[in-house]
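Residue-level structural notes
Okay, here's what each chain looks like letter by letter:
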Amino acid sequence: MKTNHDDPRLTAYLLGELDADERAELEAELAKDPEARQYLDELRQATELLATELPKEEAPPLLPSQRESILTGRLTPYRRNRVLTILVPALAASVVLAVGLIVLLDGERGRQITMDPAVREDTEISKQESANAEGGKIEISDFRDNSAAPAEEAVGGRQAEAKELRADKRMSEPQPAVAEPPPVVTRRMTAPQEAKPAADSIAPMTAMAPDEESAPQRSREIAITSSTGGQVLVTPAQKAEEMPAESFRAASEEWNRESYQQIVENSFKQVTEHPLSTFSIDVDTASYAIVRRTLMQQHRLPPADAVRIEEMINYFTYDYPRPTGDVPFSVNLEVAQAPWAMQNRLVRIGLQGKVLEERPDSNLVFLLDVSGSMGSANKLPLLKESLKLLVGQLTHRDRVAIVVYAGASGLVLPSTPGSDINAIVEALNRLNAGGSTNGGAGIQLAYRTAKEHFIEGGVNRVILATDGDFNVGVTNRGDLVRMVEEFAKGRIFLTVLGFGMSNLNDQTLEQLADKGNGNYGYIDTLAEARKMMVEQIGGTLVTIAKDVKIQVEFNPAQVQAYRLIGYENRLLAKEEFNDDTKDAGEIGAGHSVTALYEVVPMGVEAPRIAEVDDLRYQKAAGAATALADTDGAPADAVEEIVPTEVRHELLNVKLRYKEPEGTTSTKVEFPLIDSERSYSEASADFKFAASVATFGMLLRDSPQAGTASFDLVLELAQESVGDDPHGYRREFLDLVRQARALRQR
Amino acid sequence: METAPNSTEWVRGAMDRYEGKLVRYAMRFTRNLEAARDVVQDTFLRLCRAERHKVDDHLAAWLYTVCRNRCLEVHRKDKRLQLTEDEILHQHPTNEPTPGAVLEREELTGAVWGFVGDLPDNQRECIRLKFQDGLSYKEISQITGLSVGNVGYLLHVAVQKLRDELKAEGGMKTLTGAKHED
């Protein structure tokens, strides 16, 4: 028997409206009818599309005054406008109409609105906001040290403002005849014209028309739309395990509004040309969570630029010994074979931050994005649950305030002792998504609140949670970043938590956290929230060392070439290492930070490195280049360069850091001698970090991946999983398997 | 008629769960956020006075039904008043969409909203109540006064239409190979 296409049971079946008998009957019919099964599948796609798209429509909450009136059983006629209160006759009529008789009972007009403090705050901000709109500038009131605006802002401002929504790939015109990328430092990307990736790095960006631009220094913005275009066809709805109720639509939002900064992978550098490698540490972990979400929830390989290898490595904790001396972190060096290129050496630099006996009192201000786009299950509801986990860790000595921003910003919870969990949780529960994003006014209010309740010697932190389209509205990103920086100087730090799948403006968030002496995490599941808010709360909240920079000097007697794995957007110029005004990364309590170098030792075939002509006027560099190639003469040459007593060293690691409250840095040094260990002799932590790095390179399609494959990653990771008390490393294995399966398709 | 006021917690819970959805629902009738909010406020005030045991097992359907009836009442009166377009515009409160939100809205419009907008009223209402508000056939039947069978029929016809449109646009995956991007 053929199943009729017009049979309403088909749709009812898809929507779970048939009872068991009816279902069985229909399934029996379908089993014999492949054509009807095909049709059913097409109907399913239609229903999934509806279930994904329709709930995205904004669902604006009632006004606070209306809620209040309901709960107190009184009807408060409602305010027309938060700023203007001029009453238009037509409005009065509509109010009367809408609420019928009751309003009449309550007195003729009832303009005497009882404003609670929160609402008043609201109004004030709205005014300020509109003032800002005219002035076009964020005002950082009562914060000194407001250094004069650098010239860059004048340019950065307008353009950035207009285009923030779309994308943030910025690059300048190719510089002719640049043979290698100068350091690309994200932190400077506020001024687009400063970013200069090398000419060859631009090649993949085929979106650029070559003659589109004439002014060589002007930057451009490219919308990255790995677009699904108009048709938002979706993968089968899939359960985001933590939030079953609304998981239906969580799985399949559009991709095309996410933007990632392009990463130009570090290439090998000749030691004789570049004996120093300098970078800022990075404790962010967002990239790993983004990769996980893309692989496991969206069932696709992540875009290469979303993969920051250092963040993937640093997602995991390693068993480094805790520091013992004055230095707030221990430094742990290890070297063994590189598993993807066995002739090369892999050097690991591992820092372990000290663990505090007791967490200092904390003054936290949650700055929460409640704009309409936060409505889906993997955003606001997940955010609320995440923050409840954090609140569960607090005591009466801590303080929490909540500021929300959307169309208007407001203080929904004034600073409250951490022990008053009920009040905090209730305020969180009340949050609803609605309105559009305007982070600018919200962030000012949040910082002001944090400042009012500043705890001397404690943790003072604004925790920004958003789906990342941080549309700063009245201001521009340059102003915003500068404000965050100013407050960081005033010891109010910023933590950024990214949520959700569409909209994510990865670069802005990372940059804000970076400037705000904070960290950037991406929360894709409640398990991830638990990791950041409970297990590693010390690292999330308490900074034990700031502006931590690493400079490695390689010994030309031992090393031909080297390559820093990851940290592309954290590179520093060699001079910046000793420059204490130069901002760098922070280490949180208990955090570990790991960096890897692939090193080409003497005596093996050198990697191909773009040739640089010999210098005409300076001999040293040219002579030393010859070292790599021949065996006879170089010994003497090396002797000239490297003093005998340190000739056997592979490299020297130097670190600079400041105490959390300090302004001058301390330097520590650790030379490393290669003990010639094979890969199998390496520690489990070393192997695991190596496997994560390999995975990252494969996801990025890195030309440096050598003989690596996902199978190799699995093999390496499996043997180094170790105790893995929280299951993170085992989860990593799942990611690798998933990536392997996706790549095979 | 007035019974003991219902516990604040219960009303608060209902409000937390449904206020946004109801305002959105009401806006389909009022086309005006302020009026929609007023209707929803009124709906919850009625909930405060309702007999809880009579409402509790079908709270969603109750709220939507009351809200819908209030909207229709207001709408009928509204027609006599004939607000001009301009007056309606001026009633928008402060959190009117900034350009970003408008953009987002337009993108959605492009995808499915165009389709939804073209449906006959009764189909559109069923589609929204089903996919936007997650209500069952039975609840939709209670709210709209249509029979359950009729609700099922209207939904099926609408879903078929969307399927046809997707198919025509070539946006349909085949049963075997999912379309892969990147």
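The shown structure was predicted, so the numbers you read here are calculated from the model rather than taken from an experiment. (Residues numbered from 1 in each chain as written. Chains lettered and ligands numbered in written order. Predicted model: local features only at pLDDT ≥ 70, side-chain atom pairs only at ≥ 80, totals over all residues.)

This paragraph deals with the overall build of chain B. Looking only at helices and strands, chain B has nine helices and zero strands in total. In sequence order, chain B lays out its α and β elements as α-α-α-α-α-α-α-α-α. Counting across all 182 residues of chain B, residues that qualify as buried make up 40%. Considering only contacts within chain B whose residues lie at least 6 apart along the sequence, 63% involve residues at least 24 apart. (Helix = DSSP H or I, 4+ residues; strand = E, 2+ residues; numbered from the N terminus. Buried ≥ 20, exposed ≤ 12 C-beta atoms within 10 Å, placed from the backbone. Contact = placed C-beta atoms within 7 Å.)

Glancing now at the overall build of chain A. A count of helices and strands for chain A gives 23 helices and 18 strands. Every one of the 745 residues in chain A was classed for burial, and the buried ones make up 50%. When contacts within chain A are restricted to residue pairs at least 6 apart in sequence, those whose partners lie at least 24 apart make up 79%.

Reading across from one edge, 3-14-16-6-5 (chain A) is the order of the five strands in this open sheet, with antiparallel pairing throughout. Among the strands making up the open sheet, the edge pair consists of strand 3 (269-270) and strand 5 (329-338) of chain A. (Pairing = 2+ DSSP bridges.)

The subject of this paragraph is the packing of helix 7 (residues 121-132) of chain B against helix 9 (residues 148-169) of chain B. All names here are of chain B. Two numbers describe how helix 7 lies on helix 9: the axes approach to 9 Å, and their chain directions differ by 90°. Our classification of the angle between helix 7 and helix 9 gives roughly perpendicular. For the pair helix 7 and helix 9, the contacting residues are N122, Q123, C126, I127 and K130 in the first and V151, L154, L155, V157 and A158 in the second. Grouping the constituent residues of the contact of helix 7 with helix 9 by class yields seven nonpolar, two polar and one charged. (Axes fitted to C-alpha atoms, helices over the stretch in contact; angles between N-to-C directions. Parallel < 35°, antiparallel > 145°, perpendicular 65-115°, else oblique. Nonpolar A, V, L, I, M, F, W, Y, C, P; charged D, E, K, R; others polar.)

The next point concerns the confidence of the model for chain A. Residue and element names in this part refer to chain A. Here chain A averages 72 in pLDDT, and 67% of its residues register 70 or above. Across chain A, helix 21 (residues 684-699) holds the top mean pLDDT of 95, while helix 9 (residues 247-250) sits lowest at 28. Across residues 74-257 the pLDDT falls below 50, and counting only partners more than four positions away or on other chains, this stretch makes 302 contacts in the model. Confidence over residues 621-635 falls short of pLDDT 50; this stretch has 19 contacts with residues more than four positions distant or in other chains. (pLDDT = per-residue confidence, 0-100.)

All names here are of chain A. Mapping N363 onto the fold places it in strand 7 (residues 362-369). Remark: the alpha-carbon pair of N363 and A401, spanning 38 residues in sequence, is separated by 8.3 Å. Ignoring anything within four residues of it in the chain, the contact list for N363 reads R399, A450, H453, F454, I455, G458, V459 and N460.

A few words now on the confidence of the model for chain B. Residue and element names in this part refer to chain B. Overall, the prediction assigns chain B a mean pLDDT of 73, with 69% of residues at 70 or greater. pLDDT under 50 marks residues 174-182. Its contacts with residues more than four places away, or in other chains, come to 12 contacts. The ipTM assigned to the predicted complex is 0.79, against a pTM of 0.51.

Turning our eyes to something else, we now look at unusual backbone geometry. Phi at Y567 of chain A takes a positive value of approximately 60°, unusual for a residue other than glycine. Looking at the secondary structure, you find Y567 of chain A in the loop between strand 14 (559-565) and strand 15 (585-588).

Attention shifts here to the pairing of strand 13 (residues 543-554) of chain A. Residue and element names in this part refer to chain A. With respect to burial, strand 13 is a largely interior element, 11 of its 12 residues being buried. As paired strands, strand 13 and strand 15 are joined by three bridges and run antiparallel to one another. Each bridged residue has a counterpart across the sheet, and for T543 the counterpart in strand 15 is G588. Here strand 13 runs beside strand 17 (residues 651-658); their pairing, made up of seven bridges, is antiparallel. Looking across to strand 17, one finds that F554 is bridged to L651.

All names here are of chain B. With 12 residues, helix 7 should cover 16 Å at 1.5 Å per step; its first-to-last C-alpha distance of 15 Å lies within 8% of that length. For helix 7, the full list of buried residues reads E125, C126, I127, R128, L129, K130, F131 and Q132. With its phi angle positive at about 65°, G134 sits one or two positions after the end of helix 7. (Expected span 1.5 Å × (residues − 1).)

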